[in-house]
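Below, each chain spelled out in residue letters.
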Amino acid sequence: MKFTRRYDLDPQTRIDIVKDVWIHQGIYGKMTQIAQDYQISRTFLYQLTWSAQHLLEILFSDPQPVVTPPESLFEPLILLARLEGNCSIPSLSAILKRLAYRPNSIGYLSETFQAYGACVPSTLSVPQTQLVFYLSDELFALQSPILITLEAQSTAILKIQLASDRCAPTWQTHFEDLRDHHFHSIGMASDRGVGLVAGYQAACQDAIWVCDQFHEFQDLFKRCHQLERQAYRAIAREHERAETFYNAKSEANLQKRLEQYERAQQTCEQAMVKYDQLDVLLHLLREALHFCTDFGRLRTVAGVRSELMAVLSLIEEIEDAKLPHILKPIWSHLDDLLVPFKQVESIHTELLDLVPESVVDALVLAWHHDHLSHQSHGRKTHYHQRESQQWLDFAQGLLDDQFDLFKALVFEKLDSIVKASSLVEMVNSLIRPFLNTCRGQITQETLNLIMFYHNHRRYKGGKRKGKAPIELLTGETLEGDWVELFIQHKREAEQNASVAPTPPLELVPSSQGPTPPTQTPDEQLSLEDGADSAPLWPFVDAEAA
């Protein structure tokens, strides 16, 4: 049968056909009669009916519109999900698709974040020369090192760099670039990376270098944890042998089980004594590295050296084969561990010229307990807060009107002393989820994105609560939150780029070789987030924290 298109059936005629079908629905032979009257096929008749039925269902049902968020909400949404929520790009794309937001493709999101990262620098810059204390470290993305430098007091990232290597010249260029951006380093705390230390000493010859106590004593505290686990296993073994002895029946078996129990008991006692001795000595080691004694007297280099040598000598006497090997590098680095206490001595001398010694000791104790309150939990936090307030009240009674001035002076002086670079691990933990979501193939633009987010976000807890690192560094209050500032900065960069003069075109001779294919940005290759491992060592109480 041949079908022809009926252009003479206007929309009103088609509506009349559907009305006739609905009026005479269920009457035998009526559909055939309607088809013959309008000279159409029954197939076309049913198609009109089904189309009308479908449109009416849509008209009278609950509306399900495709949601397109306003432009003012879309950019904050993806920035918050990516940076605040540590959301991978594929996961973010899936969320937008589920919410029916467009655009939502992985490629678009990747290009958007790359554009945001390209509009912000990888190095901070200040208008005038600023004295800073560096915290530097290396983090690896596959085989490529990421060089990071923070300012110790504000924790602001001064420079983050995806480098080709971590040798001394690369680090030297890294620090020289910071100097060109008006940052003058008075010192640096870091681990013993060969290229890192050599590059810093070449770029900043007059500054001091402080070895990180976290890395210096990490192996010693790990050994303490191992001995603790061995002691618990020995206790369980002794208990097991005791139960076996009680279940023995014959005389010969009783004697045999008794000997096994006695050996297990002796092994358990040795394991417990070994762990208890090391644990007590490490507690003394922690106290020896505090800036002040329990009476508030600031420590001297000679006093700390004497205490450290006494504690390390006692640790050597513990009957453990691994401890001498662990202590060997600590003995050789003893002078480096005492560098912060030289600054403590000079600060103590300066304070004694201004304030009586009893007042200095009281304010130092108040600072010490206030510092420990931020590193403690539960009841210990309340204890240190209470002790700090008591010593502040004591000092206020002696100083009267000058209390606020001298309190700020003492706290500022002691806060400026740095003896660990553990704060840089905070930034490392911020970067690791992004490495996990892009298979380690991170780009410089993504690092710039992370740097801007970290520097402009406000802390939600701790002694820096309510302040952003960039505010602590510059002393200037931000006009908005980091999302608003980021969007504003990107738009200003786009406007500046649009008004920039276009360079004249030049004829360039083409090469004979084939044109290389374009490469997909590595940031588009993604995986789901992985879990970060928590640090094992609870020892470091970074004085800058």
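Look above for the structure.
Residues numbered from 1 in each chain as written. Predicted model: local features only at pLDDT ≥ 70, side-chain atom pairs only at ≥ 80, totals over all residues. Heavy atoms only, no water.

Draft legend 1. Representation of the pattern of salt bridges. Taken as a whole and judged by the stated rule, the model has 17 salt bridges. Here Glu84 ties to Lys460 by a salt bridge, and the two come within 3.0 Å at their closest N and O atoms. Of this pair, Glu84 sits in helix H4 (residues 71–84) while Lys460 sits in the loop between helix H19 (444–456) and helix H20 (469–474); the two residues are 376 residues apart in sequence, bridging distant segments of the chain. The exposure class assigned to Glu84 is partly exposed, which follows from its relative accessible area of 33%. With a closest N to O distance of 3.1 Å, Arg458 and Glu471 form a salt bridge. Separated by 13 residues along the polypeptide, Arg458 in the loop between H19 and H20 and Glu471 in helix H20 bring together distant segments of the chain. (Salt bridge = Lys/Arg side-chain N within 4 Å of Asp/Glu carboxyl O. Helix = DSSP H or I, 4+ residues; strand = E, 2+ residues; numbered from the N terminus. Buried < 20%, exposed > 50% of the residue type's maximum accessible area, 1.4 Å probe, protein only.)

Draft legend 2. Geometry of the pairing of strand E3 (residues 157–162). Sheet topology note: the strand E2 (residues 144–151)/E3 ladder contains five bridges and is antiparallel. Across the sheet, residue Ile146 finds its bridge partner in E3, namely Leu162. Between E2 and E3, which pair antiparallel one after the other, the connecting turn spans five residues, and Thr155 there sits at a positive phi close to 65°. (Pairing = 2+ DSSP bridges.)

Draft legend 3. Examining the nonpolar core more closely. Ile146, Leu220, Ile315 and Ile431 are the most contacted members of the largest nonpolar core, which has 127 residues in total. It is helix H10 (residues 251–288) that provides the largest number of residues to this core, a total of eight residues. One finds Leu9, Val21, Leu45 and Ala52 within the second-largest nonpolar core, a separate group that totals 11 residues. (Core = buried A, V, L, I, M, F, W, Y, C linked by side-chain atoms within 4.5 Å.)

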